[in-house]
Amino acid sequence: MSRRRYLTTPIYYASGEPHIGHAYTTILTDVLARFHRQTGAETRFLTGTDEHGPKIAEEAARRGLTPIELCDRMAGRFREAWDELDISFDRFIRTTEADHIAVVTAFLQRLHDKGHIYKDRYLGWYCIHEERYWTEKDLGPGETCPDCRRPVRQIEEVNYFFRMSTFQERLVGHIEANPDWIIPAVRRNEVLGFLQQPLEDLSISRPQSRVSWGVPLPFDPEHVCYVWVDALINYVTASGAIDPEAAPDEQGFGAPIESWWPADLHVMGKDILTTHAVYWPTILMACELELPRHILAHGWWLVGETKMSKSLQNVVDPLALIATHGVDAVRWYLVREMPTGSDASYTPERFLTRYDELSNVLGNLASRVTSMIARYRDGALPDSAGQGLATETGEALGRYRDFMNGLRLHRALGAAMDLARHANRYVEEREPWAQARDPERAPDLDETLASLARCLTVLAALLEPVMPAKMGVLAGTLGLARVPTLDRALDAPLAGRAVTRGKPLFPRVRLPSA
Ligand code: ME8
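Numbers given to residues run from 1 along each chain, matching the order in which its sequence is written. For a predicted model such as this one, the threshold for reporting local features is a pLDDT of at least 70, and the threshold for listing and counting side-chain atom pairs is 80 or more; totals across whole chains, interfaces and linings nevertheless cover every residue. Each side-chain value is derived from all of the structure's non-hydrogen atoms; neither hydrogens nor water enter the calculation.

1. Describing unusual backbone geometry
Among all residues except glycine, the phi angle is most often negative; among peptide bonds, the trans geometry is most common.
Phase 1: In this model, isoleucine 183 is joined to proline 184 through a cis peptide bond whose omega is -5°.
Phase 2: Here a helix means four or more residues in a row that DSSP labels H or I, a strand means two or more in a row labelled E, and each is numbered from the N terminus. Tracing the chain through its elements places proline 184 in the loop between strand E7 (182-183) and helix H6 (185-194).
Phase 3: At the junction of tryptophan 261 and proline 262, the peptide bond is cis and its omega measures out at 0° in the coordinates.
Phase 4: Secondary-structure assignment places proline 262 in the loop between helix H8 (234-237) and strand E12 (265-269).
Phase 5: Phi at aspartate 86 is positive, roughly 60°, even though this residue is not glycine.
Phase 6: Note on placement: aspartate 86 falls in the loop between helix H3 (67-84) and strand E3 (91-94).
Phase 7: You will see that leucine 407, though not glycine, has its phi angle at about 60°, which is positive.
Phase 8: Structurally, leucine 407 can be placed in the loop between helix H13 (390-405) and helix H14 (409-430).

Laid out in structure tokens, this is it:
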């Protein structure tokens, strides 16, 4: 399989620290990127920071910084967090980069030249936290934002509008014709429900006099681009699909130039599905660019019943968990615990339960197998044609692949863990310690040990996307220079491999008391 894959996370607001919610989206995308690379696909993985708009400007002012000083600091914080979480992104985009600003400018000019933009008076409410407009009927009690419940501001000003409404029918047609364009189905139905009402046009500008921290409109520099339009375009900027330096008809609109576009998958939380599944595709249609192939809107990490968010001051710092349990345990917990698409509650107890699974099932299997090979065969991996666990291993591989391709990552990890459970039962059934006591049963013992080593090698390949560091260590103790690819894992030669008894992969630890 050599098709190219282009995967994206949202670009996170450079106004707050990364937390478990951001980490989840980014780890999920990282696991998929690593999975695709493992299957031989050329893969590009994009993440970054969203740096324009009043929210950033106000946060900078609050801290006594200029907007760009705040953005530099926060982009650094996100990059550090992603380094610590072993995120293998290929490109970290910042919307204040000159090349992105040039692409946004080209988009705006294109929309304008093609007659998709008009000027009008805007009267409505705005939530600065969500950077979203609301109409009166949307508002919560006491003129509050229906999403985050903060007070909204009434705004009356002249804006430029994008004729989003003219694309409504085409968008509905696209969603209906492509049932897996928005995943999961419950979110697709929400978007279709939303599109049953007439779609309004989208205000895409702010007057400089009110918001100065943004990209000026090329056809009226008294106005800056609405931050969501600026932000969504990042996916195209990083793909190389638009060359703003070229002549208008050769920039890539309408006549594609060689690039990573369209994205295979935009990953995000369900909070920002409308912007990705309505605003973004209609802008792309207007600019004659292909739509992303899939959109995955996952659920929220909750604390108790409430969404974890910076403003509610209930965020869990992923870096603190890394300090006690290591990065791979955090990655494992987040992807294993949350069914793709549903909400999940973070609790220290669940974190420990998932950690115990690693320690008791996988860690235990690895330590049993490597220590038996060390003890009974002096570390030399026996070469046996024995096919113990072959059926279970083959089945696990198939189920894992299907679940990963179907974006049900928690099930894919579950399939791998089930295989580890089978392997532990196989140890009990075969009783290698009894086989070792009887010299006549040496071939049986060889078969047991070889089958287990083969199964562990496959487990290392299955779990490498989620736990790259630990699976590298496991592969090392099994005498391999690196984790084999999924295709190779089952047939990786056994003979001559030197197995070592490593330290426990997932040692027992206690969470520091709160
Ligand atoms: O919305 N549970 O940025 P943002 C799960 N800049 N995921 C969560 C989460 C939670 N409790 N909290 C945040 C923006 N997330 C815009 C995006 S894209 C062109 C512009 C994750 O910093 C989730 O992916 O508010 C959510 O969609 C994203 O962070 C919002 O990040």
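Following the structure, the description resumes.
2. Quick look at the sheet that holds strand E13 (residues 294-298)
Phase 1: Strand order in this open sheet of six strands is E3-E2-E1-E12-E13-E7, and the pairing throughout is parallel. With partners counted over all chains shown, the strands left at the sheet margins are E3 and E7, one partner each. Two strands qualify as a pair provided that DSSP identifies no fewer than 2 bridges between them.

3. Looking at the site of the ligand
Phase 1: What surrounds the ligand is a group of 25 residues, the closest being Ile11, Thr25, Asp50, Asp271 and Trp301.
Phase 2: Identification of polar contacts relies on pairs of N or O atoms within 3.5 Å, with a donor-acceptor requirement for protein atoms, meaning one able to donate a hydrogen and the other able to accept it, and with residues adjacent in sequence counted only if both atoms are side-chain atoms. Between isoleucine 11 and the ligand, the recorded distance is 2.8 Å, taken from a backbone N or O atom to a nitrogen atom.
Phase 3: Between tyrosine 13 and the ligand, the recorded distance is 3.0 Å, taken from a backbone N or O atom to an oxygen atom.
Phase 4: Alone, the ligand offers 670 Å² of accessible surface; in the complex the protein occludes 94% of this.
Phase 5: Contributions of two or more residues to the shell around the ligand are made by strand E1 (5-13), helix H1 (20-38), helix H7 (227-232), H8 and E12. The nearness test applies per residue and asks whether one of its heavy atoms lies within 4 Å of the molecule or strand. Only the protein chains shown count as cover for residues, with accessible areas throughout obtained via the Shrake-Rupley method and a probe of 1.4 Å.

4. Some remarks on the packing of helix H2 (residues 54-62) against H3
Phase 1: At a minimum axis separation of 8 Å, H2 and H3 run at an interaxial angle of 95°. For the element pair H2 / H3, the angle class is roughly perpendicular. Facing Ile56, Ala57, Glu59 and Ala60 of H2, the residues of H3 in contact are Pro67, Leu70 and Cys71. Think of each axis as a best-fit line through the C-alpha atoms, taken over the contacting stretch in the case of a helix, with angles from 0 to 180 degrees between the N-to-C directions. Each angle receives one of four descriptions, namely roughly parallel if under 35 degrees, roughly antiparallel if over 145, roughly perpendicular if within 65 to 115, and oblique otherwise. Any pair of residues with heavy atoms lying within 4.5 Å of one another is described as a contacting pair.

5. As for the environment of histidine 410
Phase 1: Structurally, the position occupied by histidine 410 is in helix H14.
Phase 2: Using a 1.4 Å probe on the protein chains alone, a residue whose accessible area is under 20% of its type maximum counts as buried, one over 50% counts as exposed, and one in between counts as partly exposed. Among the residues examined, histidine 410 registers a relative accessible area of 14% and is labelled buried.
Phase 3: Residues histidine 410 and leucine 289 lie 121 residues apart in sequence; the distance between their C-alpha atoms is 33 Å.
Phase 4: Not counting chain neighbours up to four residues away, the residues in contact with histidine 410 comprise Val335, Arg336, Met338, Pro339 and Thr340.

6. Description of the packing of H13 against helix H16 (residues 442-463)
Phase 1: For the pair H13 and H16, interaxial distance at closest approach is 11 Å and the crossing angle is 5°. It follows from the interaxial angle that H13 and H16 lie roughly parallel. Across the interface between the two elements, Thr393, Leu397 and Tyr400 from H13 touch Cys455, Val458 and Leu462 from H16.
Phase 2: Residues that form the contact of H13 with H16 fall into these classes: five nonpolar, one polar and no charged. In this count, Pro and Cys sit with the nonpolar residues alongside Ala, Val, Leu, Ile, Met, Phe, Trp and Tyr, while Asp, Glu, Lys and Arg are called charged and the others, Gly among them, polar.

7. Quick notes on the packing of aromatic side chains
Geometry of an aromatic ring pair is reported as the spacing of the ring centres plus the angle between the planes.
Phase 1: Note on ring pairs: Phe, Tyr and Trp rings are taken, using the six-membered ring of Trp, and paired if centres are within 6.5 Å. Classes follow the plane angle, with under 30 degrees stacked, over 60 edge-to-face and the rest tilted. Taken as a whole and judged by the stated rule, the model has 23 aromatic pairs.
Phase 2: When the ring of tyrosine 126 is compared with that of tyrosine 133, the centres are 4.7 Å apart and the planes differ by 65°; the resulting orientation is edge-to-face. Each of the two residues, tyrosine 126 as well as tyrosine 133, counts as buried.
Phase 3: Both rings, one in tryptophan 301 and one in tyrosine 333, keep their centres 5.6 Å apart while their planes meet at 40°; by these two values the pair is tilted. Of the two residues, tryptophan 301 sits in strand E14 (residues 301-303) while tyrosine 333 sits in helix H11 (residues 327-337), which places them 32 residues apart along the sequence.
Phase 4: Of the residues examined, tryptophan 301 reaches a relative accessible area of 4% and is grouped as buried.
Phase 5: The exposure class of tyrosine 333 is buried, given its relative accessible area of 1%.
Phase 6: Looking at arginine 4, its charged tip hangs above the ring of tryptophan 260, at a distance of 4.1 Å from the centre. In this scheme, the term charge over a ring applies when either NZ of a lysine or CZ of an arginine sits within 6 Å of the ring centre and within 35 degrees of the ring normal.

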